[in-house]
Amino acid sequence: MPDDLSTSAENTWCPGCGNFGILSAFKKAARKLEERGIDREHLVICSGIGCHGKIFDYLRLNGLYSLHGRSMATVQGMKLGNPDLKVVAFAGDGDAYGEGISHMIYAAKRNADITVIVHDNGAYALTAGQFSPTSEKGFKGPSLPNGSVEEPLNPLALMLEAGASFIARGFAGKIDHLSDLMVEAILHEGFSVIDVLQPSVVFNNTYKEYNERTAIIAQTPRSYEDAIRLAKDKGTQVPIGIFYQVSKPVYHKELMGSWNPVRDKTARNDRLKKIKEIL
Amino acid sequence: MSIVIDTGNRIAAKAAIMAKPDVVAAYPITPQTTLVEAIAEYYAKKEFTGEYICVESEHSAMSACIGASAAGSRTFTATSSHGLLLMHEMLHWAALARLPVVMCNINRVIGPGWNIWVDENDSISQRDTGWIQFYCSSNQEIYDTVIQAFKIAEHANILLPVMVNLNAFILSHTSMPAEIPEQRTVDDFLGPYIPGWKLDIENPVTFGNIIGPDSYIKVRYAMQQAQMQAKQLIPQVAKEWKKHSGFFHGDLIEYFECEDAEYILLAMGAIGAESKIAIKELRSKGHKVGLARVRVFRPFPTEDIIALGKQAQLIVIDRNISVGNEGALFTETKAAVSGIPETSVQGYIAGLGGKDVTYQDIETMVEKAMTGKAAHQLWYGVEEDR
């Protein structure tokens with residue numbers, strides 16, 4: 001249903017795609033954030049390239065439609081440009097864990113105050129179903145008809161190791177839960193990432209599996225070690241929720257203190273005065 | 001020999017596997033995807049027995065090809081648009097290290113705004129990397145050119161990577177008939193790749209060492225000499241291919257109705273093919289016009305264009321723009337004929353972003369240029385009435 005966060009762009013996702021769940025969850029999150037004092041003008045979005053990227057066209061929010069694998073780097077620039085903004089990078093698994101993986105690792109390492117929402121469907125769906133960094137071993141697609149021989153990446157364990165201060169996993173089929181995770185991630189000061197299990201109805205339909213296997217984490221692990229253990233857990237259940245959250249110094253404050261290049265910009269007259277002094 | 005009806009991408013894949021590369025490394029991007037998927041299909045059916053790797057980015061794809069080529073393997077990859085741009089530094093690397101990698105590039109628009117249709121800014125913006133560049137206009141030409149590309153790239157006097165360009169969708173996804181020779185014919189024509197030097201534990205060599213200015217300038221000079229030699233070699237290789245297969249695609253320029261032409265149109269890629277219909281129409285109206293379809297942009301066919309400039313007034317259509325100056329073919333054509341008095345070169349920018357360029361459009365452009373209205377290169381469909 002069109003609403004005040006929708007655009008006039010025609011939605012071209014496949015009917016039933018997990019991306020619809022992510023879009024709904026994000027709209028709910030944006031409204032909850034408004035209730036908590038973050039207005040839409042201060043919520044800025046960015047996307048990469050792939051099926052997920054179209055979310056940019058469907059959300060009536062400010063932002064930038066970035067390159068494949070680069071949305072995480074782009075929002076770091078936005079945050080430095082105006083630290084008052086809440087910046088959100090949407091990415092696919094190919095974006096975040098393939099072509100843009102170095103940006104993920106460095107954003108986590110420096111604890112950049114950004115949020116990355118990864119639409120993780122374990123396939124390159126826009127180019128019609130090739131294997132991706134999170135495809136299961138044995139995944140068959142048009143680029144590997146005999147199946148992949150590679151183990152998939154474990155993005156949560158990787159992000160923990162890289163130093164991310166907020167790590168969560170959501171499921172596109174559990175919209176309210178996902179929406180709450182998004183709110184927490186965006187409010188978290190520091191690098192937050194949500195790996196969203198996103199069924200692709202055409203190329204990697206995981207609805208049945210995740211409807212049966214996902215289980216909300218009762219309590220966020222208390223230690224880093226417990227979080228790692230949970231992230232590497234290969235039990236029958238697939239835990240969703242917050243895996244790890246810790247308060248750490250954030251990059252822009254370490255770099256610039258409380259200075260904001262937009263708010264604290266020297267007025268034109270003062271700049272002219274300074275130039276005259278130098279001359 | 002068999003006649004198949006298939007898309008440009010699948011014909012390119014067929015040619016690539018018939019050249020029997022040892023290594024193919026690629027990353028998916030629209031509209032290249034179906035080319036690599038066809039190779040994957042041949043690999044799965046064991047009709048292609050080389051190594052085939054799906055990597056994590058185009059930069060990695062070209063890096064893998066460079067490594068494989070340095071180890072003495074025949075290598076192939078394919079990409080498009082932003083994928084080609086992400087390869088940029090490795091394109092220079094492959095050329096400077098004199099590694100005969102062959103690549104198909106599906107000409108697609110560069111974003112933003114995002115658009116998957118055809119223009120040639122992707123490959124034109126890579127023209128100074130040292131790669132030999134072909135622009136095809138039919139699926140048969142794609143087949144013949146990919147096969148010949150390996151022969152040219154691996155020739156002892158050349159040893160440069162070769163990029164075979166085909167226009168997005170107009171060629172990549174359009175089915176046309178193409179004659180495919182027997183595997184034996186391709187084997188006899190190409191033979192195995194025997195590198196002059198390679199990474200070999202029995203006879204160690206290194207690639208990419210630090211060299212000082214005195215040597216570096218010689219490296220560039222040697223590349224330039226190889227490109228200049230390619231101008232002679234490309235038609236020779238095509239003649240040889242004709243002896244083996246019976247098909248010919250090979251001159252730097254394809255000429256059409258140029259013998260008595262007073263105006264000659266220059267264009268590349270699919271616009272070059274569409275222009276033939278326009279030329280026939282214009283001839284039927286009594287205009288003495290011909291077409292010079294530029295197949296090879298690097299090395300640039302300067303001598304052939306000088307000959308055209310001595311014969312006729314030239315009209316250029318570019319599906320690319322060097323922003324701040326002009327379309328690349330227009331600029332380079334003017335430079336080639338700059339010493340010939342009385343020759344005029346007029347030009348158009350057309351078809352950017354995949355905007356259709358029909359034979360009627362081409363007729364309109366040529367007729368307008370015949371009145372001298374396109375001397376400063378007009379943007380067709382944008383400012384044609386200026």
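Our structure's up above, just so we're on the same page.
Residues numbered from 1 in each chain as written. Chains lettered and ligands numbered in written order. Predicted model: local features only at pLDDT ≥ 70, side-chain atom pairs only at ≥ 80, totals over all residues. Heavy atoms only, no water.

A. Region of the structure containing the overall build of chain B. Counting secondary structure elements, chain B contains 13 helices and 15 strands. Against the 2.2 N^0.38 benchmark of 21 Å for 386 residues, chain B shows a C-alpha radius of gyration of 20 Å, consistent with a compact globule. Once the C-alpha set of chain B is aligned to its principal axes, its extents read approximately 65 × 50 × 45 Å. Across the 386 residues of chain B, 58% fall into the buried class. Counted over contacts in chain B with a minimum sequence separation of 6, partners at least 24 positions apart contribute 80%. Where the 33 positive side-chain charges of chain B centre and where its 45 negative ones centre are 3 Å apart. (Helix = DSSP H or I, 4+ residues; strand = E, 2+ residues; numbered from the N terminus. Rg over C-alpha atoms; globule rule 2.2 N^0.38 Å. Buried < 20%, exposed > 50% of the residue type's maximum accessible area, 1.4 Å probe, protein only. Contact = heavy atoms within 4.5 Å. Lys, Arg positive; Asp, Glu negative; His and termini not counted. Charge placed at Lys NZ, Arg CZ, Asp CG, Glu CD.)

B. Spotlight on the overall build of chain A. Counting its regular elements, chain A contains eleven helices and eight strands. For 279 residues, the compact-globule estimate of 2.2 N^0.38 gives 19 Å, and the C-alpha radius of gyration of chain A, at 20 Å, lies within 12% of that figure. Once the C-alpha set of chain A is aligned to its principal axes, its extents read approximately 70 × 45 × 35 Å. Within chain A, the proportion of its 279 residues that are buried is 53%. Nonlocal contacts in chain A, meaning residues at least 24 apart in sequence, comprise 69% of its contacts between residues at least 6 apart. When the accessible surface of chain A is split by element, carbon and sulfur atoms take 53% of a total near 12,900 Å². (Areas by Shrake-Rupley, 256 points an atom, 1.4 Å probe, with all protein chains shown as cover.)

C. Region of the structure containing the interface of chain A and chain B. On the side of chain B, 17 residues touch chain A, which itself brings 20 residues to the contact. Ranked by the residues each element gives to the side of chain A that touches chain B, the list is headed by helix H4 (residues 93-99) of chain A, at three residues. Taken together, the residues that form the side of chain A that touches chain B break down as nine nonpolar, eight polar and three charged. (Nonpolar A, V, L, I, M, F, W, Y, C, P; charged D, E, K, R; others polar.)

D. Quick peek at the pattern of salt bridges. Counted according to the given criterion, the structure contains 34 salt bridges over all chains. Put simply, Glu332 of chain B and Arg127 of chain B hold a salt bridge, and the shortest N to O gap is 2.7 Å. On the criterion of sequence distance, the pair formed by Glu332 of chain B in helix H12 (residues 328-336) and Arg127 of chain B in the loop between helix H6 (121-124) and strand S6 (132-135) is long-range, its members being 205 residues apart. Classification of Glu332 of chain B as buried rests on a relative accessible area of 13%. Residue classification places Arg127 of chain B among the partly exposed positions, given a relative accessible area of 26%. Salt-bridge contacts for Lys231 of chain B lead to Glu303 of chain B; the nearest nitrogen and oxygen are separated by 3.0 Å. Of this pair, Lys231 of chain B sits in helix H9 (residues 213-245) while Glu303 of chain B is found in helix H11 (residues 302-311), placing the two residues 72 residues apart along the sequence. The class of Lys231 of chain B is buried, set by a relative accessible area of 9%. Judged by its relative accessible area of 49%, Glu303 of chain B is partly exposed. Salt bridges linked by common partners bring Asp3, Asp4, Lys27, Arg31, Glu34 and Arg40 of chain A together as one network. (Salt bridge = Lys/Arg side-chain N within 4 Å of Asp/Glu carboxyl O.)

E. Focus on the sheet that holds strand S9 (residues 253-256) of chain B. A sheet is described by the order of its strands in space; here six strands give the open sequence S9-S11-S10-S13-S14-S15 (chain B), paired in mixed fashion. Taken across any chain shown, the strands that pair with only one partner, and hence form the sheet edges, are S9 and strand S15 (378-379) of chain B. (Pairing = 2+ DSSP bridges.)

F. Representation of the side chain of Lys79 of chain A. Residues and elements named next belong to chain A. Secondary-structure assignment places Lys79 in helix H3 (residues 71-81). In this structure the side chain of Lys79 is engaged in a polar contact, spanning 2.7 Å, whose partner is the backbone oxygen of Leu85. Engagement of the side chain of Lys79 in a polar contact is seen with the side chain of Asp113, the distance being 3.3 Å. Contacts of Lys79, omitting those with residues within four sequence positions, involve Leu85, Val87, Asp113, Ile114 and His252. (Polar contact = N/O pair within 3.5 Å; in protein donor to acceptor, adjacent residues only side chain to side chain.)

G. Looking closely at the nonpolar core. Counting 83 residues, the largest nonpolar core has Ile39, Met62 and Phe76 of chain B as the members making the most contacts within it. Element by element, the count of residues in this core is highest for helix H7 (residues 139-154) of chain B, at eight residues. Trp13, Cys17, Ile55 and Phe56 of chain A belong to the second largest nonpolar core, which has 36 residues in total. (Core = buried A, V, L, I, M, F, W, Y, C linked by side-chain atoms within 4.5 Å.)

H. Layout of the pairing of strand S7 (residues 162-167) of chain B. Residue and element names in this part refer to chain B. Across the six residues that make up S7, a large majority, six, are buried. Going residue by residue along S7, you find Val162, Val164 and Leu166 tucked away on one face and Met163, Asn165 and Asn167 tucked away on the opposite face as well. In terms of strand pairing, strand S5 (residues 102-107) meets S7 through six bridges, oriented parallel. Bridged to Ile106 within S7 is Leu166. For the crossover from S6 across H7 to S7, the handedness is right-handed. (Right-handed = clockwise from strand over helix to strand, strands pointing away.)

I. Looking closely at the packing of helix H8 (residues 183-190) of chain B against H9 of chain B. Residue and element names in this part refer to chain B. The geometry of H8 relative to H9 is characterised by a closest axis approach of 10 Å and an angle of 145 degrees between their N-to-C directions. Where H8 crosses over H9, the two elements pack in a sense that is right-handed. Across the interface between the two elements, Thr185, Val186, Asp188 and Phe189 from H8 touch Val237, Glu240, Trp241, His244 and Ser245 from H9. Partitioned by chemical class, the residues of the contact of H8 with H9 number four nonpolar, three polar and two charged. (Axes fitted to C-alpha atoms, helices over the stretch in contact; angles between N-to-C directions. Left-handed = near helix turned anticlockwise from the far one by under 90°.)

J. Quick peek at the environment of Asp120 of chain A. All names here are of chain A. Within the secondary structure layout, Asp120 lies in strand S4 (residues 115-120). For Asp120, a relative accessible area of 9% translates into the label buried. For the pair Asp120 and Ser132, spaced twelve residues apart in sequence, the C-alpha to C-alpha distance is 9.5 Å. When residues no more than four places from it in sequence are discounted, the contact partners of Asp120 are Asp93, Tyr97, Thr134, Pro155, Asp195, Val196, Leu197 and Gln198. A distance of 3.3 Å separates the side chain of Asp120 from the backbone nitrogen of Gly122, its partner in a polar contact.

K. Highlighting the packing of H3 of chain A against helix H5 (residues 101-109) of chain A. Residue and element names in this part refer to chain A. Here H3 crosses H5 at 40 degrees, and the two axes come no closer than 8 Å. Considered as vectors, H3 and H5 are oriented oblique to each other. Along its contact with H3, which presents Met72, Ala73 and Gln76, the element H5 presents His103, Met104 and Ala107. A breakdown of the residues in the contact of H3 with H5 according to their chemical character gives four nonpolar, two polar and no charged. (Parallel < 35°, antiparallel > 145°, perpendicular 65-115°, else oblique.)

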